[in-house]
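Summary of structural features
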Amino acid sequence: MQDVLTIGGRELTSRLFLGTGKFAANKLIPEVVKAAGVQVVTVALRRVDPEYEEENIAAYVPRDCILMPNTSGARNAQEAVRIARLARAAGCGNWVKIEVITDNRYLLPDNYETIKATEILAAEGFVVLPYMSPDLMVAKKLVEAGAAAVMPLGAPIGSNRGLKTKELVRILIEEIPLPVIVDAGLGRPSEAAEAMEMGAAAVLVNTAIATARDPIAMARAFGLAVEAGRQAYLAGLGETTVYARASSPLTGFLRD
Amino acid sequence: MSFYEERQRYNHFDFESYFEQITDADIEKIIGKSRLTEWDYLALLSPRAEKYLEEMAQKAHRLTVQHFGRVILLYTPLYLANYCINRCVYCGFQVLNNIERKKLNLTELAREAEIIAATGLKHILILTGESRRESPVSYLRACVDVLRKYFTSISIEVYPLQEEEYAELISAGVDGLTIYQEVYDEEVYAQLHPAGPKRNYRFRLEAPERACRAGMRAVNVGALLGLNSWRTEAFFTGLHANYLQNTFPEIEVSISPPRLRPSPGGFQPRVEVSDKNLVQYILAFRLFMPRGGITISTRERAELRDHLVRLGVTKMSAGSCTAVGGRSGHDSTGQFEISDERNVPEIARMIYAQGYQPVYKDWQVL
């Protein structure tokens, strides 16, 4: 049976989502998408310019991908809602990644405003994927607010520091009935694989691919890592123990 | 505490002694740190740090790519009016200079906007001299109404305003403020600004704070290099940016390191600031504020700008003109001579050639 991730009624076979903010040229985007088999691509609406096709970042997202505008630049729920509505009016569809950031040093999300924006936009029929600091109570409120998935950060945006929030993300995966997509901070394919092995539904990567020496090769590496991590999760990882567990036990001869 | 009060803390600080006691080991250690203090930043601006420019450049490049990607935002300045009542001794627009004075009417403005918009640019920076009679806030507001049809982001570089005036322009569609303190040394400032409202050092210094409180999205500060010791001016510019980021974490903070250019009036820079000095400043700031924007204008010559792309710069002006109405054929005197005269496609080609992408639109006024 095919392993499918369903979000907002759409079935996805690829569990690697791509961010597009940092590429050296928009024309790299289709090649990266192809190399990694990506099906969901997020673009900042602040970068979308329908009037200038040649430089319009959205025009470089292949048509068979789901275009997920994000609300980058929003400082509160109200601004995020306005950006999402603008995106839909501009023909970007009804998926939206909520980013509400009021901290320009670390770009950490404002969970409170994110919940408010999610509630409003979900009620308006958007498929809402909120970027969040991993916090169980916040995630529960996002579920109630109508989010289609939750997107906890692994580490601050662009930091390439990996899955620093592992314990908290693990709790979300256990407790939240929605897909948990690890967003931000993953710097290496092995970290993406680790998130997938834990049971993350998908990961979103931008900086690590866009700023690699060879972005296309790195995209391929992330694609493979995400697939490997997913396969490992489905196969069921063995338990970890403190003591050695011998394959041929020394006391196996004892009988009750 | 306002930045004016922060700045006061350094009034009696002996910069020369501090620079003298910096060692090679200090610089090496600072370059290796993940978060710099203001003292670390000052050390990187010292003469001692000059021999570590390559190490600083490598790190500055890595940090910039990590935080901003390989992209450079393009914008262009648009001069609305050159009427001015100040007597800043270094400025081409100062009241005593015998230049043709001009103010765009809204039809002329639309024509200029059309010409710029045809290049694909979506970020515009509007400038005026300081004359509340010729360029009152109501005029700026009317101009913003016109420009909104053509641009998605409108920044202002005008005389300092009151908080409610900033709020008024923000509600009209302005999202960015550029305001240079020119000189952070209050005594030198007094010498260079002998008459006019710009004499009020503190009112100008606190303008970014008023704009931030009014809800401005992005703020760009700077010192005009050549008016005073560049090392201390660079230090205070960095402190100012850091203060704004700490006080208003939601705003996007940038700095500019503009160097004095030839202008009507013929003022000669008091201090020479070499390319090497400029680069040291840019690198030190990048290591101090890894997420701070750095803007380089067409004041700098083409070849230097090409190299600066990879050293931490995040924004560049393109296709600039410092004369009022200069793009649509009106031949007035510019505020200063620009140095990089390439048009927008030429700048874009250069940025691509450096392995970066020019970005024409990076904000949409909400």
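Shown above is the structure to which this text applies.
What comes next is a walk through the structure. (Residues numbered from 1 in each chain as written. Chains lettered and ligands numbered in written order. Predicted model: local features only at pLDDT ≥ 70, side-chain atom pairs only at ≥ 80, totals over all residues. Heavy atoms only, no water.)

**Looking at the nonpolar core**
Nonpolar side chains in soluble globular proteins tend to be buried together. Core analysis: the biggest nonpolar cluster contains 126 residues, and Ile156 and Tyr166 of chain B have the highest contact counts within it. Top contributing element to this core by residue count: helix H13 (residues 275-288) of chain B, with nine residues. Ala58, Ala147, Val203 and Ile216 of chain A belong to the second largest nonpolar core, which has 63 residues in total. (Core = buried A, V, L, I, M, F, W, Y, C linked by side-chain atoms within 4.5 Å. Buried < 20%, exposed > 50% of the residue type's maximum accessible area, 1.4 Å probe, protein only. Helix = DSSP H or I, 4+ residues; strand = E, 2+ residues; numbered from the N terminus.)

**Description of the interface of chain A and chain B**
Across the contact, 33 residues belong to chain A and 35 residues belong to chain B. A combined buried area of about 2900 Å² lies between chain A and chain B, and 44% of that area is made up of carbon and sulfur atoms. Together, Arg46, Asn104 and Arg105 of chain A form the three largest contributors to the area buried by chain A at its contact with chain B, with a combined 28%. Counting the contacts that link chain A with chain B gives four salt bridges. With its nearest N and O atoms 3.8 Å apart, the salt bridge here joins Asp49 of chain A to Lys122 of chain B. (Contact = heavy atoms within 4.5 Å. Buried area = accessible area lost by both parts, 1.4 Å probe. Salt bridge = Lys/Arg side-chain N within 4 Å of Asp/Glu carboxyl O.)

**Let's talk about the pattern of salt bridges**
Counted by the stated rule, this structure contains 37 salt bridges over all chains. The salt bridge involving Arg132 of chain B is made with Glu165 of chain B; its shortest N-O contact spans 2.8 Å. Placement of the pair is Arg132 of chain B in the loop between strand E2 (123-128) and helix H7 (137-147) and Glu165 of chain B in helix H8 (residues 163-172), with a sequence separation of 33 residues. For Arg132 of chain B, a relative accessible area of 40% puts it in the partly exposed group. One salt bridge connects Glu163 of chain B with Arg213 of chain B, and the closest N-O pair in it is separated by 3.1 Å. Of this pair, Glu163 of chain B sits in helix H8 while Arg213 of chain B sits in helix H11 (residues 207-213); the two residues are 50 residues apart in sequence, bridging distant segments of the chain. Taken together, the shared-partner salt bridges connect Arg46 of chain A together with Asp175, Arg217, Glu252 and Asp362 of chain B into one network.

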